[in-house]
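# Residue-level structure breakdown
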Amino acid sequence: DTGVSQDPRHKITKRGQNVTFRCDPISEHNRLYWYRQTLGQGPEFLTYFQNEAQLEKSRLLSDRFSAERPKGSFSTLEIQRTEQGDSAMYLCASSLGREDEKLFFGSGTQLSVL
Amino acid sequence: KNQVEQSPQSLIILEGKNCTLQCNYTVSPFSNLRWYKQDTGRGPVSLTIMTFSENTKSNGRYTATLDADTKQSSLHITASQLSDSASYICVVIPRAAGNKLTFGGGTRVLVKP
């Protein structure tokens, strides 16, 4: 499978715990995006990388959230001190980087904070 | 106010029938408008991409139209199949926004046999 892969598919955690998600983009794609989606809503932009550089962060990304893409390939999204409001689907997408091209999304990580 | 509004919120149709989904937007100027299909528990998959100068774009049984004057787009599904049951999301990309997408809330379509 050469698509975008995310791990884990599901994560259940207790409030206050830290969680980390991983995204492996399509190999030649230099742009990587993180989105968050709650039930019945469209995805909301969180942040994106051009290679290893994090170019933009949404105001939705509080200081408890941090994303990295150390070698310009895979990326991790960490949430510290999780809250129940963090429960959502976290989607990763990648692209070659041109404005008019489509994004390829992974299947997401479903986070449930109890 | 959400810059992309979709209607209806949900839709039930019989297998084999056609349906049309609507997307109204206020994002301006925009680079391109996209329709995505999202199956339950999966990431969105691109169906069509239209620049502001295009009026229509087809992908198999899916046809998207764009009226930049009225700021409306529609997605028409022809001869629906059970596998068309999904959420359909309209996405408008502001000019110079790269791929930082503004998603609509989607229309949930259920195709019944």
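Scroll up to find the structure.
Below: a short report on this structure. In this text, all values refer to a predicted model and were calculated from it rather than measured experimentally. (Residues numbered from 1 in each chain as written. Chains lettered and ligands numbered in written order. Predicted model: local features only at pLDDT ≥ 70, side-chain atom pairs only at ≥ 80, totals over all residues. Heavy atoms only, no water.)

Tracing the backbone shows A:Arg36 in strand β4 (residues 31-37). Once residues lying within four places of it in the same chain are set aside, the contact partners of A:Arg36 are A:Gly42, A:Pro43, A:Glu44, A:Leu46, A:Leu60, A:Phe65, A:Ala88, A:Met89 and A:Tyr90. (Helix = DSSP H or I, 4+ residues; strand = E, 2+ residues; numbered from the N terminus. Contact = heavy atoms within 4.5 Å.)

To continue, consider the pattern of salt bridges. Charged atoms that come close allow side chains of opposite charge to pair. By the definition in use, this model includes 5 salt bridges over all chains. Across the pair A:Arg22 and A:Asp24 runs a salt bridge, and its minimum N-O distance is 2.7 Å. When its relative accessible area of 34% is taken as the criterion, A:Arg22 is described as partly exposed. For B:Arg61, the salt bridge is made with B:Asp84, and the minimal N-O distance between the two is 2.8 Å. Linking B:Arg61 in the loop between β6 (56-59) and β7 (62-67) with B:Asp84 in the loop between β8 (72-77) and β9 (86-94), this pair joins segments that are 23 residues apart in sequence. For B:Arg61, a relative accessible area of 24% puts it in the partly exposed group. (Salt bridge = Lys/Arg side-chain N within 4 Å of Asp/Glu carboxyl O. Buried < 20%, exposed > 50% of the residue type's maximum accessible area, 1.4 Å probe, protein only.)

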